[in-house]
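# Breakdown of the fold
Residues per chain, in single letters:
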Amino acid sequence: MTTTPVTHVATVPELRAQLSAPRGEGRRIAFVPTMGALHAGHAELMHRARAVADIVVVSCFVNPTQFGPTEDLSRYPRTPEHDAELVAAAGVDVLWRPDERDVYGDDDAGTRLLAGPLGDILEGASRPGHFDGVVAVVARLLGAVQPDVLVLGEKDFQQLAILRRLVADLLLPVEVVGVPTIREADGLARSSRNAYLSPEDRAAAVAIPRALAAARARAADGSRELPDVLAAARSQLAAQPRVEVDYLVAAHATSLAPVTRVDDATVLLVAARVGSTRLIDNARLLPGPDNADHLPEVPHD
Ligand code: AMP
């Protein structure tokens, strides 16, 4: 396999200079925004980007506006050398590492965007303003890259739904591609925040994918009653006292509205604190060919 070197850029003019020739030649550009601390989940997004486009651009930017005042901005993991190696191995063309000024400019007087009602529920209820920060940064990154395709992970399911709305509502000419969650062998979703888990917390965290898998198994057995399906998930979570559930909600995949019965569009979303680390995960309750992910089987109760 031949790998062409990755071009590293920092400022928006540098980025644009790299992209103007391929864009002029009509080549398709895919964009994968990240906060760095890259892992196999991010690599999967890059592989998908590679498959659907001619040029792959990855950004690594720890976005301060999506962290609350008591959150982990300063201790968020930063692994720049490892990230450079991972993007090279994934066949990425351009790695963009802006600083805060490149993204937000020099002053605080600029345009503000709001995520809207989808940003107030679930993660947004626990992390006020989080999704306003997400739409603020992604709108600017999209303006800088002007990709044909935006590649995002289903791991952050609410974020994906909100960014689909951002693209639709602002009439942006970008196709949004969602990529199923990449997991560890025991089912835990890959996350940069897994690095915070102590060995005991890491062992307990497996209750989260087990809860999703147990709910899915109940649905696969034919149950469409939400209390029954949720009970299967709760019993897995209750088995691990270190796992403190914030929410466990069944919602419609597009509107994120709560549902009362399971159908093809139902997604189960969970957030839990394990030690000092907040983890999120989700799964379709009736996975189909277009939305399969790779939750491991768990034994029935
Ligand atoms: P992050 O830098 O972790 O905030 O995420 C950057 C992108 O990677 C987002 O679109 C995430 O949804 C996606 N992502 C993070 N973890 C995973 C995973 N385990 N599997 C697939 N995509 C992921």
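Refer to the structure printed above.
Please read all numbers here as calculations on a predicted model, not as lab measurements.

Reading the values: the criteria
Residues numbered from 1 in each chain as written. Predicted model: local features only at pLDDT ≥ 70, side-chain atom pairs only at ≥ 80, totals over all residues. Heavy atoms only, no water. Axes fitted to C-alpha atoms, helices over the stretch in contact; angles between N-to-C directions. Helix = DSSP H or I, 4+ residues; strand = E, 2+ residues; numbered from the N terminus. Parallel < 35°, antiparallel > 145°, perpendicular 65-115°, else oblique. Contact = heavy atoms within 4.5 Å. Nonpolar A, V, L, I, M, F, W, Y, C, P; charged D, E, K, R; others polar. Core = buried A, V, L, I, M, F, W, Y, C linked by side-chain atoms within 4.5 Å. Buried < 20%, exposed > 50% of the residue type's maximum accessible area, 1.4 Å probe, protein only. Near = heavy atom within 4 Å. Polar contact = N/O pair within 3.5 Å; in protein donor to acceptor, adjacent residues only side chain to side chain. Areas by Shrake-Rupley, 256 points an atom, 1.4 Å probe, with all protein chains shown as cover. Salt bridge = Lys/Arg side-chain N within 4 Å of Asp/Glu carboxyl O. Pairing = 2+ DSSP bridges. Right-handed = clockwise from strand over helix to strand, strands pointing away. Phe/Tyr/Trp six-rings, centres within 6.5 Å; stacked < 30°, edge-to-face > 60°. Lys NZ or Arg CZ within 6 Å of the ring centre and 35° of its normal.

Turning next to the packing of helix H1 (residues 12-24) against helix H6 (residues 130-145). At a minimum axis separation of 9 Å, H1 and H6 run at an interaxial angle of 50 degrees. One element, H1, and the other, H6, form an angle in the oblique class. Along its contact with H1, which presents Val12, Leu15, Arg16, Leu19 and Arg23, the element H6 presents Gly143, Ala144 and Val145. Its residues assigned to classes, the contact of H1 with H6 comprises five nonpolar, one polar and two charged.

What follows is about the nonpolar core. The biggest cluster of nonpolar side chains holds 45 residues, and the ones touching the most others in it are Leu15, Leu19, Val57, Trp96, Val145 and Leu150. Looking at this core element by element, the count peaks at eleven residues for H6. Setting aside residues up to four positions removed in sequence, Leu19 forms contacts with Ile29, Ile55, Val57, Val94 and Val145. Counting 29 residues, the second-largest nonpolar core is a separate cluster that includes Leu248, Ala250, Val270 and Leu285.

The next subject is unusual backbone geometry. The phi dihedral of Leu122 falls on the positive side, at around 50 degrees, and the residue is not glycine. Among the secondary structure elements, Leu122 is positioned in the loop between helix H4 (100-104) and helix H5 (123-126). Residue classification places Leu122 among the buried residues on the basis of a relative accessible area of 11%. Positive phi outside glycine occurs at Gln146, with the angle close to 50 degrees. The residue Gln146 is located in the loop between H6 and strand S5 (149-153) in this model. The exposure class assigned to Gln146 is partly exposed, which follows from its relative accessible area of 44%.

Once that is clear, we can look at the site of the ligand. Taken together, 16 residues sit near the ligand, with Met35, Gly153, Asp156, Ile182 and Arg190 positioned nearest. With respect to the ligand, the side chain of His42 contributes an N or O atom lying 3.1 Å from an oxygen atom. One of the backbone nitrogen or oxygen atoms of Gly153 is found 2.9 Å away from an oxygen atom of the ligand. Compared with its free state, where it exposes 480 Å², the ligand has 93% of that area covered by protein. Elements represented by at least two residues in the shell around the ligand include exactly strand S2 (29-34), helix H2 (40-52) and S5. Residue composition of the shell around the ligand, grouped by class: six nonpolar, seven polar and three charged.

Following the criterion strictly, the structure yields 15 salt bridges and no others. The salt bridge partner of Arg278 is Glu123, with a shortest N-O separation of 2.3 Å. Pair noted here: Arg278 is in strand S9 (residues 277-284) and Glu123 is in helix H5, with a separation of 155 residues, a long-range link. Glu123 carries the same exposure label as Arg278, and that label is buried. Here Arg165 ties to Asp169 by a salt bridge, and the two come within 3.1 Å at their closest N and O atoms. Residue Arg165 and its partner Asp169 are located together in helix H7 (residues 157-169), separated by four residues, close to a single helical turn. One connected set of salt bridges, linked through shared partners, spans Glu123, Asp246 and Arg278.

Most of strand S6 (residues 175-179) is tucked away, with four of its five residues classed as buried. Across five bridges, S5 lies against S6 in parallel orientation. Bridge assignment links Gly153 to a residue of S6, and that residue is Val179. With respect to chirality, the unit in which S5 leads through H7 into the neighbouring parallel S6 is right-handed.

On to the sheet that holds S5, then. Taken together, the six strands give an open sheet; going across it, the order is S1-S4-S3-S2-S5-S6, and neighbouring strands pair in parallel fashion. The open sheet is flanked by strand S1 (7-9) and S6, the only strands paired with a single partner. Strand-to-strand, the axes of this sheet are offset by a mean angle of 25 degrees, without reference to chain direction. Looking at chain direction, strand S3 (residues 55-60) and strand S4 (residues 94-96) are connected through three bridges and run parallel. Across the sheet, the residue bridging to Val57 is Val94, located in S4. Sheet strands in contact with H7 are S5 and S6, and its direction is about 170 degrees off that of S6.

The full count for this structure, using the stated rule, is two aromatic pairs. Between Phe61 and Tyr104, the ring centres sit 6.4 Å apart and the planes meet at 50 degrees, which makes this aromatic pair tilted. Of the two residues, Phe61 sits in the loop between S3 and helix H3 (80-89) while Tyr104 sits in helix H4, which places them 43 residues apart along the sequence. Phe61 gets classed as buried once you look at its relative accessible area, which sits at 7%. Between Phe67 and Tyr76 the ring centres are 5.8 Å apart and the planes differ by 80 degrees, which places this aromatic pair in the edge-to-face class. When the ring centre of Tyr196 is taken as origin, the NZ or CZ atom of Arg75, which lies over that ring, is 4.0 Å away.

Fair warning: the whole summary comes from geometry, so function is off the table for now.
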